[in-house]
Amino acid sequence: MISGEIIKQETGFLCLKCKTSNCKTCDKCSEKITSGKILSVVDKSWHADCFTCVVCDKSFEDNSPAIVEGKLYHKECHFKQAKEAEEEVKQEEEEKEEEEVEEEKPDE
């Protein structure tokens with residue numbers, strides 16, 4: 001029995017609850033994609049408005065996204081983020097080396 005909010009489809013009518021149970025979930029906002037364009041890559045799906053770079057939150061327009069660990073990036077944003085992460089790791093290693101040198105110095 002159909003009850004609640006009703007949606008008309010080409011094949012007939014469907015209640016909203018039944019329709020949304022079969023919908024894909026947006027990987028960014030975690031909402032069901034009940035209408036509009038669905039963008040899918042591999043096994044993930046997004047609303048068209050949610051298909052944005054995880055760093056700058058801008059759309060890809062005519063550029064293809066870089067997909068790293070299931071996340072969408074502009075290639076430039078990904079390279080910038082990777083470089084910053086690399087520099088941070090390098091700085092942490094240098095600080096650790098300095099601490100080890102300080103610990104090795106004999107007490108005066």
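What comes next is a walk through the structure. Fair warning: this is a prediction, and the values are worked out from it, not measured in the lab.

### Things to note about the pairing of strand E4 (residues 44-47)
Each regular strand shows side chains that alternate between the opposite faces of the sheet. Direction of pairing for strand E3 (residues 38-41) relative to E4: antiparallel, over a ladder of 4 bridges. Bridge pairing in E4 places valine 41 opposite lysine 44. Connecting E3 to the next strand, E4, in antiparallel fashion are 2 residues, including valine 42 with a positive phi near 55 degrees.

### Notes on the packing of aromatic side chains
Enumeration over the complete set of coordinates arrives at 2 aromatic pairs. Ring centres of phenylalanine 51 and phenylalanine 60 lie 5.4 Å apart, and the angle between their planes is 65 degrees; this geometry places the pair in the edge-to-face category. Just as phenylalanine 51 is buried, phenylalanine 60 falls in that class too. Through a chain of ring-to-ring contacts, three or more aromatic side chains come together here, namely Trp46, Phe51 and Phe60.

### Side note on the nonpolar core
Ranked by size, the top nonpolar core spans 10 residues in total: Cys26, Ile33, Val41, Trp46, Cys50, Phe51, Cys53, Phe60, Leu72 and Cys77. If we skip the residues at most four places from it in the chain, cysteine 53 touches Lys58, Phe60, Leu72, Tyr73, His74 and Cys77.

### Re the pattern of salt bridges
The final tally for this structure, using the stated rule, is 2 salt bridges. The salt bridge involving aspartate 27 is made with lysine 44; its shortest N-O contact spans 3.6 Å. One end of the pair, aspartate 27, is in the loop between helix H1 (16-21) and E3; the other, lysine 44, is in strand E4, with 17 residues separating them in the sequence. By relative accessible area, which is 36% here, aspartate 27 ends up partly exposed.

### A word on the environment of serine 59
Position of serine 59 relative to the elements: it lies in the loop between E4 and strand E5 (66-68). Its relative accessible area of 39% is what places serine 59 among the partly exposed residues. Sequence-wise, serine 59 and aspartate 49 are 10 residues apart; in three dimensions their C-alpha atoms are separated by 7.8 Å. Ignoring any residue separated from it by four or fewer positions in sequence, one finds serine 59 in contact with Phe51, Thr52 and His74.

Each value, and the rule that gives it
Residues numbered from 1 in each chain as written. Predicted model: local features only at pLDDT ≥ 70, side-chain atom pairs only at ≥ 80, totals over all residues. Heavy atoms only, no water. Pairing = 2+ DSSP bridges. Helix = DSSP H or I, 4+ residues; strand = E, 2+ residues; numbered from the N terminus. Phe/Tyr/Trp six-rings, centres within 6.5 Å; stacked < 30°, edge-to-face > 60°. Buried < 20%, exposed > 50% of the residue type's maximum accessible area, 1.4 Å probe, protein only. Core = buried A, V, L, I, M, F, W, Y, C linked by side-chain atoms within 4.5 Å. Contact = heavy atoms within 4.5 Å. Salt bridge = Lys/Arg side-chain N within 4 Å of Asp/Glu carboxyl O.

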